[in-house]
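Given next are the chains, with one letter for each unit.
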Amino acid sequence: MSDTIAKTDRPTFGPSRAARELGLKRGEFDLAVNLGLVRTVPDEGGGAPCVTGTELDRLRAADRFPDGLRERVRTTGTTESAALMEIAPTRFTSLARFGLVVPVRFYLNRYRTVVWLYLAEELRQFAAEASNARLLSGRLPAEMRGGLKSGLDRRPRNWRGRHSGFLLRQAGDDPWAHAAAVASLLAPADVAEVVEDPWERAQLDRLRPRLPSHGVPGSPAAELAQRLMTAGEPDEVAWIRADLAHTMETARRMRPAPRPGSPLEQAPPAAETTPRVAPTRPTESASLREPTPPTELTPPTELTPPTEPTPFTAPTSPPVPQPNGLLGRLRRRGRRSARSVSMPPARPRGQGPIGNPGGQRDAAKRRTPIEYRGTPKDDHT
């Protein structure tokens, strides 16, 4: 009952519901939160930040709602931005590469080309400044021309600096969350050199903010986006590392990193090579249980005297099985006839008989035929 009353007194809405209530798309709502146009509160269940009903009422009461809020989070690409500032797209790209206009978002198209987006409100303010009139028309300054010829492109670095401000705003007053926001822009090797304690690095990983996702993890698009979101220039890396070291000192003074209480687990989990097995302890019910009487031991059986060793006999080969039936009789008859009768040489096919035909017929008549009836008889009978 108390939970229902608390929710009624202070209703909160999730990001998707709050975006529908304000008439914004989900990407526009996230950008409004990053810019500080929409105030959020932490979720009691540990989820995404929520928006209170009071905040929604405040935004609805503003002038030109919802068109005014939607116009403040409107983003434009290169072509639309150039048309908004009334300059050529190539000149706008030169201004953006030199760092005079800062992108607020980016995405990768189907050709894995980076598309930078800019706030339309900031572009109108830049074009309205009288000091920027010489940059919108005429010849560009020599410094800009030299930098652009050498391949200068400050758009990724300016986006990282701007996004770092968004993350620090979301971190609030937690020093560890501030350190995690700064560490999210560095490569893991740079973070390990600044923060040598593995438990502190684990704490930073737990509080690491979620960066915008582009493509499936491990895909070429995701790897390209990760390179854009990670500091790569030497001076930028040195500056962020110094900021991380300073933020870590503040976080250590405010609250040390959580560590396991057991003295056996003072080493980080990554250093363990073999798992530890906790010793089993008897439960309370087992200790109060009555001891069972010991079982009676059976007397040992008498030993039998050793028997005399049997003499060694050479192993005999098993008899070769003889085929039975008609095949066996034919084989045995062939062997006996081969021993008793010498067969005449075979004559080639298509030729007549060899030698005297008449003599062969007389010899065949004089030869006694061998008959087998039942059991084969002796060959010489």
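Residues numbered from 1 in each chain as written. Predicted model: local features only at pLDDT ≥ 70, side-chain atom pairs only at ≥ 80, totals over all residues. Heavy atoms only, no water.

*Asks:* Describe the packing of helix α12 (residues 175-183) against helix α14 (residues 198-206), with residues and values.
*Replies:* Contact geometry of α12 with α14 gives a least axis separation of 8 Å together with a crossing angle of 85°. Classified by the angle their axes make, α12 and α14 are roughly perpendicular. Along the contact surface, α12 presents Trp176, Ala179, Ala180 and Ala183, while α14 presents Glu200, Gln203 and Leu204. (Axes fitted to C-alpha atoms, helices over the stretch in contact; angles between N-to-C directions. Helix = DSSP H or I, 4+ residues; strand = E, 2+ residues; numbered from the N terminus. Parallel < 35°, antiparallel > 145°, perpendicular 65-115°, else oblique. Contact = heavy atoms within 4.5 Å.)

*Asks:* Outline the confidence of the model for the protein chain, supporting the account with residue identities and numerical values.
*Replies:* Considering every residue of the protein chain, the mean pLDDT works out to 77; 66% of them sit at 70 or more. Ranking the elements of the protein chain by mean pLDDT puts helix α1 (residues 2-9) last with 40 and strand β3 (residues 75-76) first with 96. A low-confidence stretch, residues 1-9 (pLDDT under 50), is modelled with zero contacts involving residues beyond four sequence positions or located in other chains. (pLDDT = per-residue confidence, 0-100.)

*Asks:* Requested: an account of the environment of Ala120, with residues and values cited.
*Replies:* As for its placement among the helices and strands, Ala120 is situated in helix α8 (residues 120-128). Of the residues examined, Ala120 reaches a relative accessible area of 0% and is grouped as buried. Along the primary structure Ala120 and Met85 are separated by 35 residues, whereas in three dimensions their C-alpha atoms are 9.5 Å apart. Contacts of Ala120, omitting those with residues within four sequence positions, involve Arg74, Thr76 and Leu84. (Buried < 20%, exposed > 50% of the residue type's maximum accessible area, 1.4 Å probe, protein only.)

*Asks:* Outline the pairing of strand β4 (residues 105-108), listing residues and values.
*Replies:* Along β4, the buried face is formed by Phe106 and Leu108; none of Arg105 and Tyr107, which line the opposite face, is buried. Sheet analysis places β4 next to strand β5 (residues 114-119), joined by four bridges and oriented antiparallel. Note that in β5 the partner of Tyr107 across the bridge is Val115. The hairpin turn running from β4 into β5, its antiparallel successor, is five residues long, and Arg112 in that turn takes a positive phi close to 60°. (Pairing = 2+ DSSP bridges.)

*Asks:* Please set out the packing of aromatic side chains residue by residue, giving values where relevant.
*Replies:* Across all of its chains, the model carries three aromatic pairs by this definition. Look at Phe92 and Tyr118: their rings are 5.1 Å apart centre to centre, the planes differ by 85°, and that puts the pair in the edge-to-face class. Placement of Phe92 in helix α7 (residues 89-98) and of Tyr118 in strand β5 is noted, with a sequence separation of 26 residues between them. Tyr118 carries the same exposure label as Phe92, and that label is buried. (Phe/Tyr/Trp six-rings, centres within 6.5 Å; stacked < 30°, edge-to-face > 60°.)

*Asks:* Give me the lowdown on the side chain of Glu55, citing residues and values where you can.
*Replies:* Tracing the backbone through its elements, the reader meets Glu55 in helix α4 (residues 53-60). In terms of polar contacts, Glu55 uses its side chain to reach the backbone amide nitrogen of Arg39, at 3.2 Å. (Polar contact = N/O pair within 3.5 Å; in protein donor to acceptor, adjacent residues only side chain to side chain.)

*Asks:* Please set out the side chain of Ser81 residue by residue, giving values where relevant.
*Replies:* Structurally, Ser81 is set in helix α6 (residues 78-85). Judged by its relative accessible area of 0%, Ser81 is buried. Here Gly77 takes part through its backbone oxygen, which lies 2.4 Å from a polar atom of the side chain of Ser81. Those residues in contact with Ser81 that sit more than four places away from it in its chain are Thr76, Phe92, Tyr118 and Leu123.

*Asks:* Before we move on, could you go through the pattern of salt bridges and cite the residues and values that matter?
*Replies:* Side chains carrying opposite charge are able to pair once their charged atoms draw close together. Taken as a whole and assessed by the stated rule, the structure comprises 20 salt bridges. With its nearest N and O atoms 3.2 Å apart, the salt bridge here joins Glu55 to Arg39. With a gap of 16 residues between them, Glu55 in helix α4 and Arg39 in the loop between α3 (26-34) and β2 (51-52) connect regions that are remote in the sequence. Take Glu55: its relative accessible area is 5%, and that puts it in the buried class. A salt bridge links Arg70 to Asp67, with the shortest nitrogen-to-oxygen separation between them at 3.0 Å. Residue Arg70 and its partner Asp67 are located together in helix α5 (residues 67-72), separated by three residues, close to a single helical turn. Residue classification places Arg70 among the partly exposed positions, given a relative accessible area of 29%. For Asp67, a relative accessible area of 45% gives the class partly exposed. Via salt bridges that share partners, Arg17, Glu21, Asp57 and Arg60 belong to a single interconnected network. (Salt bridge = Lys/Arg side-chain N within 4 Å of Asp/Glu carboxyl O.)

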